[in-house]
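Here is what each chain is made of, one letter per residue.
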Amino acid sequence: MSMPVSTRKTPMPSQPPGERIRNFSEVALGYTEEMARQEAERCLQCKKAPCRQGCPVEIDIPAFIGRIKEGDFAGAIEKVKEKNNLPAICGRVCPQENQCEKYCTLAKKGEPVGIGRLERFVADYQLSQGEVEPPALATPTGFRVAVIGSGPAGLTAAADLARMGHQVTVFEALHVPGGVLMYGIPEFRLPKEIVQREIDYIRRLGVEIRTNSVVGKMVTVDELLESGFDAVFIGTGAGLPYFMGIPGENLLGVYSANEFLTRTNLMKAYLFPEYLTPIKVGRRVAVIGAGNVAMDAARTALRLGAEKSMIVYRRSAEEMPARKEEVEHAEEEGVEFHLLTSPVEIHGDEAGWVTGMTCIRYELGEPDASGRRRPVAIPGSEYRMEVDTVVIAIGQGPNPLVLQTTPGLELTKKGTIAADEETGATSREGVFAGGDIVTGAATVILAMGAGKKAARAIDAYLRQKGEKGNG
Amino acid sequence: MYPIVKKRILAPGIKLLEVKAPDVARKAQAGQFIILRIDEPGERIPLTIADFNREEGTITTIFQEVGYTTWHLGQLEEGDALLDFVGPLGRPTEIENYGRVVCVGGGVGVAPIYPIARALKEAGNEVISIIGARSRELLILEEEMRKVSHELLVSTDDGSYGHKGFVTDLLVRVLQEKKVDRVWGIGPVVMMKAVSEATRPFGVPTIVSMNPIMVDGTGMCGACRVSVGGETKFGCVDGPEFDGHQVDWDLAVQRLRMYRDEEARAQAFHQEKRGGCQCR
Ligand SMILES: Cc1cc2nc3c(=O)[nH]c(=O)nc-3n(C[C@H](O)[C@H](O)[C@H](O)COP(=O)(O)OP(=O)(O)OC[C@H]3O[C@@H](n4cnc5c(N)ncnc54)[C@H](O)[C@@H]3O)c2cc1C
Ligand SMILES: Cc1cc2nc3c(=O)[nH]c(=O)nc-3n(C[C@H](O)[C@H](O)[C@H](O)COP(=O)(O)OP(=O)(O)OC[C@H]3O[C@@H](n4cnc5c(N)ncnc54)[C@H](O)[C@@H]3O)c2cc1C
Ligand code: SF4
Ligand code: SF4
Ligand code: FES
């Protein structure tokens, strides 16, 4: 039954571009059982499995793929879940080309095994089989842990701590849990129902999730510790949007990517007026930046009815930080790329509405500290670009609400929390941190990895504190 | 869910709701606000904390029906509940003993001025309050304001009660007669701008409470940008109170108009569905 093994990944079925830019349904449709088994056949089951070193949570990749090969999908997902609580999410949004797939032996000669696609397949397979039985929990320890923020870092820490027998309460500022998975990443890339099911699963582990709870305002970290929590995990993410500081940035029609995506995803502005939160999308939209956030905003703009959606980025295609697949999808959908270009001013009409931008062209100079060639403005190259909506997606920083109200919590120069890389321990006893609030804006899987490590460290910290009756 | 424990109609189109939210009440201070969402398709809207009761665990809000969401909120009754209610948000008013202070409240802005005046009086200030409305029937919280002020002055635009004219007329009179150490002004944007212009020649520090359009209220989206002293600030976390002499008022007025067309559309759509809403 040996088939010739292709040097290419089994293609992913997806909605045709012309159709999908008119809806918010998922773009990539997922493998069928046949496709999954065909793709699994490509895996060489390498003894050393170099792919594993690229996975921040160390999934036993050949083992789970081997089970798919045998048609044992239930066994495959079990293997994945040993290391990863949120496989349906990671399989969709991990930047695989920089992680597991980058190290795959097959990548040397052709395309790597579609590890992410296979991970997504087994996770979806399990979800399609109905409710997932929560695993047996450890004996209750009586310890209570507060988790602040319900993004991937907080959810992972909460789930692991609950399994270890601790009583976990998650405090979330917004009205739904999930962090960026709910308010940032669009429905067409990560259906909210999938996030919801993962959250339900975590609830069934006994985790209490309290929404509408802004720590730093409603309650402080110190008050949590005083009121009976034995440890605190901070996973508040990097939610503070940066603006460019150029003239015209407060004109009507200029959004931060966070606002643009939050109105659309969290508040479902695409269902306006049925849903009451409005969003304004003009005919010509410029998105400044070229990361995942920028691609999401540019593709969202098309779906909200823009005639033209443009990425404006001051470096070149090579330096674009977005996942490769997202850039390809954006290109297929007709997003225009204006590279080596950056706005210096946004113009408006008398009523304050955006009418255009003055941009300046850049060329690439010497490599900078990040190793990427530094973009240098070309004097006199200014030109005008007609746009009526501008979305700023140049990055996010740490939200200071918790940090300002937690005395003694040491920060880095960037304003993120200084935490031990292996344990998440901070300068405050009993206070741990992980995810974007420590690393700055990074990835879902790194946030999860940090949540996992912190859960282990918190467990060890609590157990060395000694016995605590069942409370 | 956050149950409504008390409802009062204070004036035509101005209503009071007391909501049970013990965690918010525990920490609420004058000058802060909450964000609520009535139901699943609902919008998140900010309202100032007009009062709080820590023992009962309740927050009082007073609002004017200006669009669909505030109208819908006004249709709710005691025993109904709100889906989401988050706070206290924003920085509290900086309460100190400044000496003699003037608290100016216009229209529904009297509601947020009330806890500020009370706290200022408790801190030992001499509190002169000036409240106003378009006409007598729209004037709210007169008795409450009288209790927390050493002196209370009232104006109505149509002269149906108190001084005929604007609150700023009375403010200028006070400033001419007495040395004032600080002024608070809360109300419609045009009124807060007028208060700031009135105090500028007297060099009296003037605090206003900005009401930009908001989404999350935690500093995550930047919808609430206001320009203060040439710098962009986020109304929800840096404010809502700012130095009125530094605010870019034209920008503030402009930004409040951002969704005018959509607001009308939403209202028409839901009005038809629910058969109501005569607020415009
Ligand atoms: C639009 C967009 C697209 C992205 N696409 C990808 C992608 O394709 N692949 C990928 O790997 N990564 C992607 N990322 C990055 C990834 O989502 C983040 O790195 C990851 O979500 C960080 O997880 P976290 O748990 O640290 O924080 P977050 O997901 O940011 O969650 C933090 C949570 O804490 C809450 N919070 C904040 N302050 C408080 C407070 N004071 N009290 C209570 N709660 C609070 C927030 O409301 C939020 O829910 C994307 C990010 C964005 C914005
Ligand atoms: C910090 C703060 C405190 C406030 N306190 C009070 C208060 O105590 N009492 C009160 O009556 N009003 C208060 N407001 C204003 C109140 O939030 C708006 O009147 C309300 O959101 C209007 O919603 P709507 O759907 O009824 O009207 P819409 O038809 O949506 O809008 C009517 C007008 O309200 C403003 N507005 C619309 N959406 C928002 C939004 N999401 N956030 C803020 N403003 C918006 C706009 O100027 C708009 O033109 C406050 C606003 C802020 C920012
Ligand atoms: S979690 Fe991400 S990095 Fe790890 S195997 Fe899955 S797709 Fe690869
Ligand atoms: S490196 Fe690639 S081929 Fe080898 S085990 Fe991992 S996935 Fe399979
Ligand atoms: S309301 Fe979103 S940052 Fe202020």
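Residues numbered from 1 in each chain as written. Chains lettered and ligands numbered in written order. Predicted model: local features only at pLDDT ≥ 70, side-chain atom pairs only at ≥ 80, totals over all residues. Heavy atoms only, no water.

1. Side note on the overall build of chain B
Worth spelling out the cut-off: Each helix is a run of H or I in the DSSP string that is no shorter than four residues. Each strand is a run of E no shorter than two, and both are numbered from the N terminus. Between the two quantities, the radius of gyration covers C-alpha atoms and the globule rule is 2.2 Å times the number of residues to the power 0.38. In what follows, a contact means two residues having at least one pair of non-hydrogen atoms within 4.5 Å. Note that accessible areas follow from Shrake-Rupley with a 1.4 Å probe, and for residues the cover is restricted to the protein chains shown. Positive charge is attributed to Lys and Arg, negative charge to Asp and Glu, and no charge count is given to His or to the chain ends. A single reference atom marks each charge: NZ on Lys, CZ on Arg, CG on Asp, CD on Glu.
A count of helices and strands for chain B gives 9 helices and 17 strands. Relative to its length of 280 residues, chain B is compact, with a C-alpha radius of gyration of 18 Å against a globular reference of 19 Å. Reported as C-alpha extents along the three principal axes, the dimensions of chain B are approximately 55 × 40 × 40 Å. Counting contacts in chain B only where the partners sit at least 6 residues apart, residues at least 24 apart contribute 63% of the total. When the accessible surface of chain B is split by element, carbon and sulfur atoms take 47% of a total near 11,300 Å². Placing the 34 positive and 39 negative side-chain charges of chain B at their respective mean positions leaves the two points 1 Å apart.

2. Let's talk about the site of ligand 1
Residues and elements named next belong to chain A. Short version of the rule: Near residues are defined by distance, with any heavy atom within 4 Å of the molecule or strand qualifying the residue. In protein, a polar contact requires one atom able to donate a hydrogen and another able to accept it; more generally it is a pair of N or O atoms within 3.5 Å, and residues adjacent in sequence count only if both atoms are side-chain atoms. For this scheme, ten residues count as nonpolar: Ala, Val, Leu, Ile, Met, Phe, Trp, Tyr, Cys and Pro. Four count as charged, namely Asp, Glu, Lys and Arg, and the remainder, Gly too, count as polar.
Every one of the 36 residues lining ligand 1 counts as a neighbour, but Val93, Glu172, Arg189, Val215 and Asp436 are closest to it. One nitrogen or oxygen atom from the main chain of Val180 is found 3.1 Å from an oxygen atom belonging to ligand 1. Of all the elements in the fold, those that place two or more residues in the shell around ligand 1 are α7 (152-163), α12 (292-303) and α16 (444-465). Counted by class, the shell around ligand 1 contains 18 nonpolar, 13 polar and 5 charged residues.

3. Concerning unusual backbone geometry
What counts here: A simple rule labels every residue: compare its accessible area, found with a 1.4 Å probe on the protein chains alone, to the largest value its type can have, and call it buried under 20%, exposed over 50%, or partly exposed in between.
Omega for the bond connecting Phe272 of chain A with Pro273 of chain A falls within 30 degrees of zero, at 5°, which places this linkage in the cis form. Mapped onto the fold, Pro273 of chain A is located in the loop between α11 (257-266) and β7 (284-288). That bond from Gly87 of chain B to Pro88 of chain B is cis: its omega, -5°, falls within 30 degrees of zero. Among the structural elements, Pro88 of chain B can be located in strand β8 (residues 84-89). With a phi angle near 40°, Ala49 of chain A is a residue other than glycine that sits in the positive phi range. The phi angle at Leu141 of chain B is positive, at roughly 60°, despite the residue not being glycine. Along the polypeptide, Leu141 of chain B turns up in the loop between β10 (126-133) and α4 (142-147). According to the relative accessible area criterion, Leu141 of chain B is buried, its value standing at 12%.

4. Some remarks on helix α4 (residues 73-81) of chain A
Residues and elements named next belong to chain A. Of all 9 residues in α4, 7 are buried; the element is thus mostly enclosed. Every buried residue belonging to α4 is among Phe73, Gly75, Ala76, Ile77, Lys79, Val80 and Lys81, and all of these are buried. Of the surrounding elements, those touching the buried residues of α4 are α2 (33-41), α3 (61-69), α5 (87-93) and α6 (115-128).

5. A word on the interface of chain A and chain B
Operational definition: As a working definition, buried area equals the accessible area (1.4 Å probe) given up by two parts on being put together, with both sides summed. When a carboxyl oxygen of Asp or Glu is within 4 Å of a side-chain nitrogen of Lys or Arg, the pair counts as a salt bridge.
At the interface, 47 residues of chain A touch 46 residues of chain B. Here chain A and chain B share an interface that buries about 3,900 Å² over both sides, 56% of which is from carbon and sulfur atoms. Interface area lost by chain A to chain B is led by Lys217, Asn250 and Leu276 of chain A, which between them contribute 19%. Where chain A touches chain B, the interface holds 5 salt bridges. Across the pair Lys27 of chain B and Glu223 of chain A runs a salt bridge, and its minimum N-O distance is 2.9 Å. Here chain A is connected to chain B by 21 residue pairs in polar contact (both at pLDDT 80 or more). Only β5 (240-241), β6 (254-256) and α11 of chain A provide two or more residues apiece to the side of chain A that touches chain B. At 4 residues, the largest contribution of residues to the side of chain A that touches chain B is made by α11 of chain A. Taken together, the residues of the side of chain A that touches chain B sort by class into 23 nonpolar, 14 polar and 10 charged.

6. Points about the domain arrangement of chain B
Accessible area lost when the parts come together is the quantity often used to give the size of an interface. Residues and elements named next belong to chain B. Rules: Domain limits in this description derive from either an automatic procedure or a database domain assignment.
Along its sequence, chain B is organised into domain 1 (2-89) and domain 2 (93-206). Summarising the inter-unit geometry, the C-alpha centres of domain 1 and domain 2 are found 24 Å apart. Of the residues lining the interface, 14 residues belong to domain 1; the matching set on domain 2 comes to 14 residues. Across the domain 1/domain 2 interface, buried area totals approximately 1,100 Å², and carbon plus sulfur atoms make up 67% of it. Ranking the residues of domain 1 by area buried against domain 2 places Pro12, Ala30 and Ile62 at the top, with a combined share of 35%.

7. Observations regarding the pattern of salt bridges
One pass over the full model with this rule turns up 48 salt bridges over all chains. Measuring nitrogen to oxygen at the nearest pair gives 3.0 Å for the salt bridge that ties Glu333 of chain A to Arg299 of chain A. Here Arg299 of chain A lies in helix α12 and Glu333 of chain A lies in the loop between α13 (324-332) and β9 (336-339), a separation of 34 residues in the sequence. Each member of the pair, Glu333 of chain A as well as Arg299 of chain A, is classed as buried. Of the charged contacts in the structure, one is a salt bridge between Glu78 of chain B and Arg8 of chain B, with a shortest N-O distance of 3.7 Å. Within this pair, whereas Glu78 of chain B is found in the loop between α2 (68-75) and β7 (81-82), its partner Arg8 of chain B is found in strand β1 (residues 2-11), the two being separated by 70 residues in sequence. Looking at Glu78 of chain B, the relative accessible area reads 43%, which means it is partly exposed. Overall, the relative accessible area of 42% leaves Arg8 of chain B in the partly exposed class. One continuous salt-bridge network, built from bridges that share partners, spans Arg20, Arg189, Asp296, Arg299, Arg303, Arg323, Glu325, Glu326, Glu332 and Glu333 of chain A.

8. Let's talk about the site of ligand 4
The condition that has to hold: For cavity detection a 1 Å grid was placed over the protein atoms alone, and a set of points counts as a cavity when a 1.4 Å probe fits there but cannot get out; an open set counts as a pocket when protein lies on both sides within 12 Å along at least five of seven lines, with lining residues being those that have an atom within 4 Å of a point. Whether a molecule lies in a cavity or pocket depends on its atoms, and more than half of them have to be within 2 Å of the grid points.
Within the structure, ligand 4 sits among Cys43, Leu44, Cys46, Pro50, Cys51, Pro62, Cys104, Thr105, Val113 and Ile115 of chain A. If you map ligand 4 onto the pockets, it falls in the largest cavity.

9. Topic: the side chain of Thr341 of chain A
Residues and elements named next belong to chain A. Here Thr341 is to be found in strand β10 (residues 341-348). Polar side-chain contacts of Thr341 include one of 3.0 Å to the backbone oxygen of Leu339. Every residue in contact with Thr341, bar those within four places of it in the chain, is listed here: Val312, Tyr313, Arg314, Cys359, Ile360, Arg361, Tyr362 and Tyr383.

10. Here's the deal with the packing of aromatic side chains
Residue and element names in this part refer to chain A. We apply this condition: Aromatic pairing here means that ring centres of Phe, Tyr or Trp (its six-membered ring) are within 6.5 Å. Orientation follows from the plane angle: under 30 degrees is stacked, over 60 is edge-to-face, and everything else is tilted. Criterion for a charge above a ring: Arg CZ or Lys NZ at most 6 Å from the ring centre, at most 35 degrees from the ring normal.
Taken as a whole, this structure holds 12 aromatic pairs over all chains when the rule is applied. Arranged with centres 5.1 Å apart and planes meeting at 65°, the rings of Phe73 and Tyr125 form a pair that is edge-to-face. Of this pair, Phe73 sits in helix α4 while Tyr125 is found in helix α6, placing the two residues 52 residues apart along the sequence. In this structure Tyr125 comes out as partly exposed when scored by relative accessible area, which is 22%. Three or more aromatic residues link up through ring pairs in this structure, and these residues are Phe24, Phe188 and Tyr270. Taking the ring centre of Phe188 as reference, the NZ or CZ of Arg303 above it sits at 3.8 Å.

11. Here's the deal with the nonpolar core
The following threshold applies: What is meant by a nonpolar core is a set of buried Ala, Val, Leu, Ile, Met, Phe, Trp, Tyr and Cys residues, joined one to another through side-chain atoms within 4.5 Å.
Of all hydrophobic cores here, the largest spans 74 residues; its most connected members are Ile61, Phe64, Ile65, Ile68 and Ile89 of chain A. Ranked by residue count, the leading element in this core is α16 of chain A, at 10 residues. In terms of nonpolar packing, the next biggest core, distinct from the first, is built from 31 residues, Val101, Leu152, Trp184 and Ile207 of chain B among them.

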